[in-house]
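Working through the structure, step by step
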Amino acid sequence: MGAAATNDDEEFEFGVDTTSTKKARTSSSQGAPSTSTTNAGNKSSPADASVVFSPELLAMYYSRLFPYHMLYSWLSYDPATAKPGNNAKAGSSLGSACTFPRREFSMTIEPQPGNEVYIRYQSFLSQDELMEAIQKRRPVKIDIGAVFNYPPKDNKSLPSGKLQTQERELVFDIDLTDYDDVRNCGCSGAKICGKCWKFMGMAIKVMDEGLRKDFGFKNLAWFYSGRRGVHCWVCDESARKLSNDARSAVASYFEVDLGSEKNKNFHITSPVHPTLSRAYRVLEPEFVKDVLPEEGHGIMSSRKMWTKLLTTLPESCMSVADKLDKKWQKENSTPREKWVELKKGIMTLIGKTGHAKAQKNLSNSERVKIEHWPMETVFRYTYPRLDINVSKMQNHLLKSPFCVHPKTGRVCVPIEVDSADCFDPFAVPTLAQLMTELDDYEAENGKDESIEDWQKTSLKGPFENFQKKFLKPLLDEERRILRERREMSIASW
Ligand SMILES: [Zn+2]
């Protein structure tokens, strides 16, 4: 059981939606009018627009909007599932490579308000079976685990130890709570705002590039966790087959010890690893744009703030710091200009810029400290902070994409990497919004059954992007692999 936890469901608050969310859960679970529970799935608009999540809204989401086929097709890794019609009853023509029936799902259900029950080792032979179970149980949360050697639902009938994990996507969990010590926007815990959310965009860029360039992975999907973080699913066959040790190694590769409030002595060693140099090239411009200024985290926006930053410079830079402090008090330069000036000032000390010769009395280690200070500073704020335990084990469960977060009512939508820095978690639709969108669409266009219901809502953009940019290339790749294997087996026959 212990492995189930993603820590995205703890208490705390989500930006401005807090009170309405809490109210929503209370009112829907205690005082819901009896009529609204009977016609879930048909009646859409909630009576109270501030209700973002309720059992009725969730039932509606599961019956009309949840993209069962996308999830099924993805987790099957079988090109035969690409067409929505092929949703495989048990024993269909799908190849034995189809991993779906051996995939563990877990569900958190709430049979009575406030009484959560957690069920592990669920598995389903087909998309229809999955859909029936979800619609019947209406889980407040669905987690996805590993692919086992047997269908995990047979767990109890198998001899102990017989059920073993075989594969699992390599997953990453990045959560804003791990950024509390650098969030100067006033947020902490589960509270987030547009300013601190920028850290997530930066983390996505660095991780996505690192996983592609350093490990050669191609099939990566990013999702909003529904509240205060993001998840990455690396789905290449080589990633799915990684052992637990190899997973730990990949995750550790991305881990940088950023020091702590008490121990600020985190130092990058020389020569700088190419992956860190690349991360710096990605992160420094974002740091200058979104962390330094007042409208970001303000770390160079006032004398009080820049003084704090200047004290983190190596001892030998104090003369530079004093000079700049005096200069900055007299002029009205921007945080960006100050950052450039500061870097130039300290690089001059070690002869790395301008015409100045390096100071002779500096030790080698002092020189290295000065040289790396800008990178260390940028990383301390912006380098991805991974919840590494999520990545280490094949059988660690992670919240299913396309779920709805019960505290926010928001859908765990796919995030497009190219525009990750523009992704706005507050613009992700809540269940209540989605129902209104469906009603509006039907008021205007009638009941159009030629398209999926999610295509009538603002889920259309992110879902279609996911299909086009992730799912199709993934299944094309699986098709190519299958063909190659078939040709090889014919050749050797
Ligand atoms: Zn914030």
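Quick look at the structure, then. The model shown is predicted, which means the values in this text are computed figures rather than measured ones. (Residues numbered from 1 in each chain as written. Predicted model: local features only at pLDDT ≥ 70, side-chain atom pairs only at ≥ 80, totals over all residues.)

Secondary structure summary: the protein contains 16 helices and nine strands in total. Counting all 493 residues of the protein, 41% fall into the buried class. (Helix = DSSP H or I, 4+ residues; strand = E, 2+ residues; numbered from the N terminus. Buried ≥ 20, exposed ≤ 12 C-beta atoms within 10 Å, placed from the backbone.)

Turning next to the pairing of strand β6 (residues 220-224). A large share of β6 lies buried, amounting to five of its five residues. Of the two faces of β6, the one lined by L220, W222 and Y224 and the one lined by A221 and F223 are each fully buried. Relative to strand β7 (residues 229-234), β6 is paired through five bridges, and the arrangement is antiparallel. Paired with Y224 across the bridge in β7 is V230. Taken together, β6 and the strand that follows it, β7, pair antiparallel across an intervening segment of four residues, in which G226 is found at a positive phi of about 95 degrees. Judged from the two bridges that link them, β6 and strand β9 (residues 414-415) form a sheet pairing that is antiparallel. Bridged to W222 within β9 is I415. (Pairing = 2+ DSSP bridges.)

Within the open sheet, the four strands sit side by side as β5-β7-β6-β9. Their pairing is antiparallel. Taken across any chain shown, the strands that pair with only one partner, and hence form the sheet edges, are β5 (170-175) and β9.

So, about the pairing of strand β3 (residues 141-148). Burial of β3 is extensive: eight of the eight residues sit out of reach of the surface. Strand direction decides the pairing type here: strand β1 (residues 103-112) and β3, joined by five bridges, are antiparallel. Paired with R103 across the strands is V147, a residue of β3. In this sheet, strand β8 (residues 398-399) lies alongside β3 in antiparallel orientation, the contact comprising two bridges. Residue pairing for β8: D143 is matched across the bridge by K399.

The next subject is the packing of helix α4 (residues 68-76) against helix α5 (residues 127-137). Following both chains from N to C, one finds α4 and α5 inclined at 130 degrees, their axes separated by 10 Å at the closest point. The angle between α4 and α5 falls in the class oblique. Here the hand of the crossing between α4 and α5 comes out right-handed. Contact residues: α4 offers Y68, H69 and Y72, while α5 offers Q127, L130 and M131. (Axes fitted to C-alpha atoms, helices over the stretch in contact; angles between N-to-C directions. Parallel < 35°, antiparallel > 145°, perpendicular 65-115°, else oblique. Left-handed = near helix turned anticlockwise from the far one by under 90°. Contact = placed C-beta atoms within 7 Å.)

Topologically, Q329 is positioned in helix α11 (residues 318-330). Among the residues examined, Q329 registers 9 C-beta atoms within 10 Å and is labelled exposed. Along the chain, Q329 and S302 lie 27 residues apart, while their C-alpha atoms are 9.3 Å from each other.

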